[in-house]
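Examining the three-dimensional arrangement
Chain residues, written in single-letter form:
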Amino acid sequence: MPLITLPSGETVPALGQGTWTMGDAAKRRKEEVTALRLGMDLGMTLIDTAEMYASGGAEEVVGEAVAGRRDEAFIVSKVMPGNASRRGTVAACEKSLKRLKTDRIDLYLLHWPGSSPIAETVDAFTTLKRAGKIRHWGVSNFDVGEMEEVVEIPDGKDVATNQVMYNLRRRGIEFDLIPWCERRRIPIMAYSPLDQGKLLRSRELEGVAARHKMMPAQIALAWLLLQEGVMVIPKAGSEAHVRENHGALAVRLDTRDLAELDRAFPPPDKKKPLAST
């Protein structure tokens, strides 16, 4: 398992597990918990969730999955902007901790920029960190200008990651956000690594996959795993899907593969709006 180093020096798996849409249906809960546990068995111990997902239901699924093995997991959760005032962030974190059935969140993110001043949210993150409720904090869906605002405020340089949409079809952040983060050694956490399934209809991706005797999704994940300082959090609601995601670690993309993928999915040549859907 390749590792990504956080600004604190702590390392986390480059390939983790997402939980968006988990917790939506009670009939799938057992399968979702089993999938997350298998992922942990395979070394995918970074688990991303949020208070928004299934109105807290995804956090409850994660709490059940890590029961009895909490110290193995690196749990990421997020506060919604509507709760991100100084007092609201602390209250939201307490609720997430209860749903997760844990005493700390390893990495707590602001889900996207909102109306609350970012300085207030960061102040709340600092308070939570001092209290041992969270271990690291970061942001999500922040572009360069918003990141610059973060690092200029007191304690802002403690930002541990920026979680954004990033995949072969959505490469806009390579133009300016990734270079900006690289200069400050702030890793990127890539969500929607398969572009919500849209990537899987690509003939070019299918061609590379056929050459490697792999699935197109595995090629897309392998490409992301090659990017410096990028963590990847695909969701998998079944054991078979978890094993498929994990199989991406065995893919070795060569120069020909990378050239074909660049032709099919060109890198940006100008600034683009941050992708989120």
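Read on for an overview of the structure. Just so it is clear, the model here is predicted, and its values are computed rather than measured.

Secondary structure assignment for the protein chain yields 10 helices and nine strands. For the protein chain, the C-alpha radius of gyration of 18 Å lies close to 19 Å, the compact-globule estimate for 277 residues. Expressed along its principal axes, the backbone C-alpha trace of the protein chain runs to roughly 55 × 45 × 30 Å. Looking at the protein chain as a whole, 53% of its 277 residues are labelled buried.

Following both chains from N to C, one finds helix α2 (residues 57-66) and helix α3 (residues 86-100) inclined at 45°, their axes separated by 7 Å at the closest point. In terms of axis orientation, α2 runs oblique to α3. Residues E59, E60, V62 and G63 of α2 form the contact with α3, whose own contacting residues are S96, R99 and L100.

Counted under the stated rule, the structure contains three aromatic pairs. Between Y108 and F125 the ring centres are 5.7 Å apart and the planes differ by 70°, which places this aromatic pair in the edge-to-face class. Here the residue Y108 occupies a position in strand β5 (residues 105-110), and F125 occupies one in helix α4 (residues 118-130), the gap between them amounting to 17 residues. A relative accessible area of 0% means that Y108 is categorised as buried. Look at F125 and you get buried, because its relative accessible area is 0%. One aromatic cluster is present, formed by Y108, F125 and W137 through successive ring pairs.

Attention now goes to the sheet that holds strand β4 (residues 74-79). The strand order across the open sheet built from seven strands is β3-β4-β5-β6-β7-β8-β9, with neighbouring strands paired in parallel fashion. For this open sheet the edge positions go to β3 (46-48) and β9 (230-232), each flanked by a neighbour on one side alone. When the angles between neighbouring strand axes are averaged without regard to direction, this sheet yields 30°.

Buried residues dominate β5, accounting for six of its six residues. Viewed along the sheet, the connection from β4 through α3 into β5 turns out right-handed. One ladder, built from five bridges, connects β5 with strand β6 (residues 134-140); its direction is parallel. Pairing of I105 across the sheet is with I134, part of β6. Handedness of the β5-α4-β6 crossover: right-handed.

With that out of the way, let us pick up the pattern of salt bridges. In the structure shown here, the tally under the stated rule is 23 salt bridges. R99 is paired through a salt bridge with E59; the nearest N and O atoms lie 2.6 Å apart. Taken together, the positions of R99 in helix α3 and E59 in helix α2 put the pair 40 residues apart, joining distant regions of the chain. Like R99, the residue E59 is buried in the burial classification. Note that D176 and K271 form a salt bridge whose closest N and O atoms lie 2.8 Å from each other.

Among all positions in helix α5 (residues 144-152), only V144, M147, V150 and V151 are buried. Down the axis of α5, the smallest arc covering the buried residues is 115°, so these residues share one side. On the buried face of α5, the contacting elements are α4, β6, β7 (162-165) and α6 (177-183).

So, about unusual backbone geometry. One non-glycine residue, S192, adopts positive backbone phi at about 50°. The topology assignment puts S192 in the loop between β8 (188-191) and α7 (203-212). Here the phi dihedral of D195 falls at roughly 55°; this positive angle occurs in a residue that is not glycine. Along the chain, the position of D195 falls in the loop between β8 and α7. Overall, D195 belongs to the buried group, its relative accessible area being 0%.

A few words now on α3. Taking 1.5 Å of rise per residue, the 15 residues of α3 would be expected to cover 21 Å, and the 22 Å separating its terminal C-alpha atoms lies within 8% of that figure. The set of residues buried in α3 consists of T89, A92, C93, S96, L97, R99 and L100. Taken around the axis of α3, the buried residues stretch over an arc of 160°, which confines them to a single face. Among the exposed residues of α3, those pointing more than 90 degrees away from its buried face are R87, K95 and K98. Elements that come into contact with the buried residues of α3 comprise α2, β4, β5, α4 and β6. Residue K101 follows α3 closely and has a positive phi angle near 55°.

Reading guide: rules and limits
- Residues numbered from 1 in each chain as written.
- Predicted model: local features only at pLDDT ≥ 70, side-chain atom pairs only at ≥ 80, totals over all residues.
- Heavy atoms only, no water.
- Helix = DSSP H or I, 4+ residues; strand = E, 2+ residues; numbered from the N terminus.
- Rg over C-alpha atoms; globule rule 2.2 N^0.38 Å.
- Buried < 20%, exposed > 50% of the residue type's maximum accessible area, 1.4 Å probe, protein only.
- Axes fitted to C-alpha atoms, helices over the stretch in contact; angles between N-to-C directions.
- Parallel < 35°, antiparallel > 145°, perpendicular 65-115°, else oblique.
- Contact = heavy atoms within 4.5 Å.
- Phe/Tyr/Trp six-rings, centres within 6.5 Å; stacked < 30°, edge-to-face > 60°.
- Pairing = 2+ DSSP bridges.
- Right-handed = clockwise from strand over helix to strand, strands pointing away.
- Salt bridge = Lys/Arg side-chain N within 4 Å of Asp/Glu carboxyl O.
- Arc of directions from axis to C-beta.
- Expected span 1.5 Å × (residues − 1).

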